[in-house]
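# Coordinates in review
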Amino acid sequence: MSVLVQREAAEIREEWLGVALSTLLADRTAAQAAISELYRLIGLSPPRFHWVASPMAALETVPPGVRLRAAETVDRMSEWPVPPRLSTSMRQLCLRLDGQVRHVHQGMAQLIGQKVRASLLRSSNSTLLMALDGAYGMRFHPGRNWDTAQCVSWVAHYDALRRAAGVVFTPEQSRQLDLWATLARSCGWWWPREDVCVISERPVAIGTEVAGDDGEVRLHCSDGPAVRYADGWDVYAWHGTRVPSWVIIDPTPERIAREANVEVRRCAIEQLGWASYIDQAGLRLVASAPDPGNPGVELRLYNMRKETRVLLAVNGSVERDGRRRRYGLTVPGFIADPIAAAGWTYGLSAEQYSLLVRRT
């Protein structure tokens with residue numbers, strides 16, 4: 001892939017990432033027209049449309065005039081008849097588009113797949129799909145395949161192939177691809193039934209941070225919700241981990257002690273700051289020692305809870321913001337030497353860790 005094509009592919013990737021994370025009001029006319037045409041492609045008449053302010057509202061609301069059958073409840077979404085038919089139609093389109101790429105542009109497709117499709121999928125998994133999981137209340141829910149079909153990553157992949165690599169699709173292939181592209185640009189998530197389609201507006205605010213070498217992002221906001229919708233439904237996240245609101249708004253040693261989830265505890269401590277947490281929680285210093293893998297920095301070992309201690313250390317490399325992060329690592333309670341504790345986190349003995357020139 002030439003440098004020029006790589007640059008154009010990166011620009012297209014950023015364009016589609018902006019689409020995925022858009023907080024603009026939906027273009028309802030464009031969205032409804034595209035969905036109506038997708039229904040026609042699978043042999044169905046266009047549905048009625050019911051707009052809601054957020055995914056949570058979509059999952060909790062029964063559209064007016066609809067009497068749901070048992071199989072049409074949200075927890076049985078994999079049994080709905082329309083999403084699988086639309087997903088199958090999308091996959092068939094992809095197979096036909098791949099047929100246009102094969103033989104002539106296969107190498108280019110693989111590279112664009114890595115730089116555009118895979119990158120955008122990672123960003124979507126760490127942002128929009130994470131927020132949607134918060135609405136469903138579970139990590140893997142029955143509608144996962146349908147949610148993936150709505151991800152911009154596959155649309156962006158073929159868009160980059162025709163714009164950056166010069167792949168020519170047939171008019172009908174381009175028309176169908178553009179229907180999905182229009183939907184991605186026009187609205188939030190949507191849930192299709194035979195007679196009615198529920199569509200969510202986009203969020204009004206999204207907080208992210210860079211989390212990868214190819215422009216990937218993840219949810220993060222240190223002073224409020226990472227995702228917020230107009231009806232007040234929101235999602236809090238700390239460096240890509242979904243957390244309860246108290247972790248961001250009011251982390252305290254008492255709440256941290258009561259939290260059963262290890263990752264949530266870690267996020268709350270980082271939000272509070274390890275030094276502040278250690279001070280406020282009254283953790284007892286066991287021992288301290290100069291860090292042989294990080295000259296000029298001290299390792300400090302504290303009692304944390306039963307059979308657990310925490311090693312307070314400083315990152316050996318500079319973060320994206322130019323600072324060196326102070327962080328804590330939990331170690332077994334039987335370790336009494338800070339150097340042995342640091343070595344244990346790397347799978348090394350105290351002697352082996354002492355020989356490090358500089359850790360990262």
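I will try to describe carefully the structure that is included in this document. Treat the numbers as computed from the prediction; the structure is a model and nothing was measured.

Another aspect to go through is the overall build of the chain. Broken down by element type, the chain carries 15 helices and 13 strands. By its C-alpha atoms, the chain is 70 × 55 × 30 Å across when sized along the principal axes. Looking at the chain residue by residue over its 360 residues, the buried ones come to 50%. Of all intrachain contacts in the chain linking residues separated by at least 6 positions in sequence, the fraction that spans at least 24 positions is 60%. Per element, the accessible surface of the chain, about 17,200 Å² overall, is 51% carbon and sulfur. Within the chain, one finds 42 positive and 39 negative side-chain charges whose respective centroids are separated by 2 Å.

Residue position: L219 is located in strand 6 (residues 217–219). Here the alpha-carbon distance between L219 and I206, two residues 13 residues apart in the chain, equals 7.7 Å. If we ignore the near neighbours within four places in the chain, the residues touching L219 are S126, T127, M130, I206, G207, T208, A226, V227, A237, W238, H239 and G240.

Ranked by size, the top nonpolar core spans 77 residues in total, and within it W16, W154, W180, W190 and W191 carry the most contacts. With eight residues, helix 8 (residues 152–164) is the single largest residue contributor to this core. With 33 residues, the next largest nonpolar core counts V243, V247, Y277 and L311 among its residues.

Next up on the list: the sheet that holds strand 2 (residues 190–192). A sheet is described by the order of its strands in space; here three strands give the open sequence 1-3-2, paired in mixed fashion. Two strands lie at the open edges of the sheet, namely strand 1 (48–52) and strand 2, each paired on one side alone. Here the average twist between neighbouring strands, direction ignored, is 15°. Where strand 2 and strand 3 (residues 196–200) come together, three bridges link them in antiparallel fashion. Its bridge partner lying in strand 3, P192 is registered against C197.

Turning our attention to the sheet that holds strand 7 (residues 227–228). Spatial ordering of the open sheet is given by 4-7-8-9, a layout of four strands whose pairing is antiparallel. In this open sheet, the two edge strands, each paired with only one partner strand, are strand 4 (205–206) and strand 9 (241–243). Sheet topology note: the strand 4/strand 7 ladder contains two bridges and is antiparallel. When the sheet's bridge partners are listed, I206 is paired in strand 7 with V227. Relative to the sheet, helix 6 (residues 128–136) contacts strand 4, strand 7, strand 8 (234–238) and strand 9, its axis offset from that of strand 9 by approximately 30°. Contacts from helix 12 (residues 262–272) reach strand 8 and strand 9 within the one sheet, and its direction differs from that of strand 9 by about 85°.

Once that is clear, we can look at the packing of helix 12 against helix 13 (residues 274–281). Running from N to C, helix 12 and helix 13 point in directions that differ by 100°, and their axes come no closer than 6 Å. Regarding the angle of helix 12 to helix 13, the classification is roughly perpendicular. Counted together, I269, E270 and L272 of helix 12 and W274, S276, Y277 and Q280 of helix 13 form the full contact between these two elements. A class-by-class count of the residues in the contact of helix 12 with helix 13 yields four nonpolar, two polar and one charged.

So, how was this worked out
Residues numbered from 1 in each chain as written. Predicted model: local features only at pLDDT ≥ 70, side-chain atom pairs only at ≥ 80, totals over all residues. Heavy atoms only, no water. Helix = DSSP H or I, 4+ residues; strand = E, 2+ residues; numbered from the N terminus. Buried < 20%, exposed > 50% of the residue type's maximum accessible area, 1.4 Å probe, protein only. Contact = heavy atoms within 4.5 Å. Areas by Shrake-Rupley, 256 points an atom, 1.4 Å probe, with all protein chains shown as cover. Lys, Arg positive; Asp, Glu negative; His and termini not counted. Charge placed at Lys NZ, Arg CZ, Asp CG, Glu CD. Core = buried A, V, L, I, M, F, W, Y, C linked by side-chain atoms within 4.5 Å. Pairing = 2+ DSSP bridges. Axes fitted to C-alpha atoms, helices over the stretch in contact; angles between N-to-C directions. Parallel < 35°, antiparallel > 145°, perpendicular 65-115°, else oblique. Nonpolar A, V, L, I, M, F, W, Y, C, P; charged D, E, K, R; others polar.

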